[in-house]
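# Architecture at a glance
Below are the chains, spelled out letter by letter.
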Amino acid sequence: MAARKTADAADEQPNAAVVSTREYAGGVGWDVGQAAPDDAYRALDSAGSGEQVGPVLHTHPGGFARQIVAKGGLITEGVKRELEAGDKSAEGEQG
């Protein structure tokens, strides 16, 4: 019987529809599931309330700041929301 089990195991083919996330990276970019191409920060207000202010920056702005994601970090739904909030903040400052 042991020989039969070995032969059956050798005949099994992996399921081609299943893709291991460890084998295939999601790419690099700012979309959910991708690796961040750069660091992303937002400055914190100087009044001490901890509110994020200003646009998303890719170098530390000095003073107090919050790092949203580090280079190579996974872009999650939460990270994407924070990046978009920074973009909206930057648009508000320009208009």
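Before reading on, note that the structure itself is shown above.
Structure report, in brief. It should be emphasised that the depicted structure is a prediction, and the values quoted were computed from it without experimental measurement. (Residues numbered from 1 in each chain as written. Predicted model: local features only at pLDDT ≥ 70, side-chain atom pairs only at ≥ 80, totals over all residues. Heavy atoms only, no water.)

## Looking at the overall build of the protein
From N to C terminus, the protein includes 2 helices and 3 strands. Reading the helices (α) and strands (β) of the protein from amino to carboxyl end gives α-β-β-β-α. Burial statistics for the protein: of 95 residues in total, 20% are counted as buried. Considering only contacts within the protein whose residues lie at least 6 apart along the sequence, 50% involve residues at least 24 apart. Split by element, the accessible area of the protein, about 7,000 Å² in all, is 52% carbon and sulfur. (Helix = DSSP H or I, 4+ residues; strand = E, 2+ residues; numbered from the N terminus. Buried < 20%, exposed > 50% of the residue type's maximum accessible area, 1.4 Å probe, protein only. Contact = heavy atoms within 4.5 Å. Areas by Shrake-Rupley, 256 points an atom, 1.4 Å probe, with all protein chains shown as cover.)

## Considering a negative patch on the surface
Residues Glu77, Glu84, Asp87 and Glu91 make up a contiguous surface patch of negative charge. Structurally, Glu91 is set in helix α2 (residues 77–94). (Patch = residues over 30% accessible without salt bridge, like charges linked within 9 Å, V, L, I, M, F, W, Y side chains within 5 Å. Salt bridge = Lys/Arg side-chain N within 4 Å of Asp/Glu carboxyl O. Lys, Arg positive; Asp, Glu negative; His and termini not counted. Charge placed at Lys NZ, Arg CZ, Asp CG, Glu CD.)

## A look at the nonpolar core
Core analysis: the biggest nonpolar cluster contains 8 residues, these being Ala36, Ala40, Val56, Ile68, Val69, Ile75, Val79 and Leu83. Looking at this core, the elements with two or more residues in it are β3 (65–69) and α2. For Ile68, the contacting residues outside a window of four places in its chain are Ala40, Tyr41, Arg42, Gln52, Val56, Val79, Glu82 and Leu83. (Core = buried A, V, L, I, M, F, W, Y, C linked by side-chain atoms within 4.5 Å.)

## Considerations on the side chain of Arg42
With respect to the helices and strands, Arg42 occurs in strand β1 (residues 40–44). At 3.0 Å, the side chain of Arg42 forms a polar contact with the backbone oxygen of Gly54. (Polar contact = N/O pair within 3.5 Å; in protein donor to acceptor, adjacent residues only side chain to side chain.)

## Overview of the sheet that holds β1
If you trace the 3 strands from one edge of the open sheet to the other, you get β2-β1-β3, paired in antiparallel fashion. Unpaired on one side and paired on the other, β2 (52–57) and β3 mark the two borders of the sheet. Within this sheet the neighbouring strands show an average axis-to-axis angle of 25°, counted without direction. For β1 and β3, the ladder comprises 4 bridges, and the chain directions are antiparallel. Among the inter-strand pairings, Ala40 is bridged to a residue of β3, identified as Val69. (Pairing = 2+ DSSP bridges. Axes fitted to C-alpha atoms, helices over the stretch in contact; angles between N-to-C directions.)

## Remarks on the pattern of salt bridges
For the structure on display, the rule yields 2 salt bridges. Two residues, Lys80 and Asp31, come together in a salt bridge whose shortest N-O distance is 3.6 Å. Residue Lys80 is found in helix α2, and its partner Asp31 is found in the loop between α1 (2–11) and β1; the two are separated by 49 residues along the sequence. For Arg66, the salt bridge identified is with Glu82, shortest N-O distance 2.4 Å. You can see Arg66 sitting in strand β3 and its partner Glu82 sitting in helix α2, a full 16 residues away along the chain. On the basis of relative accessibility, which here comes to 22%, the residue Glu82 falls in the partly exposed class.

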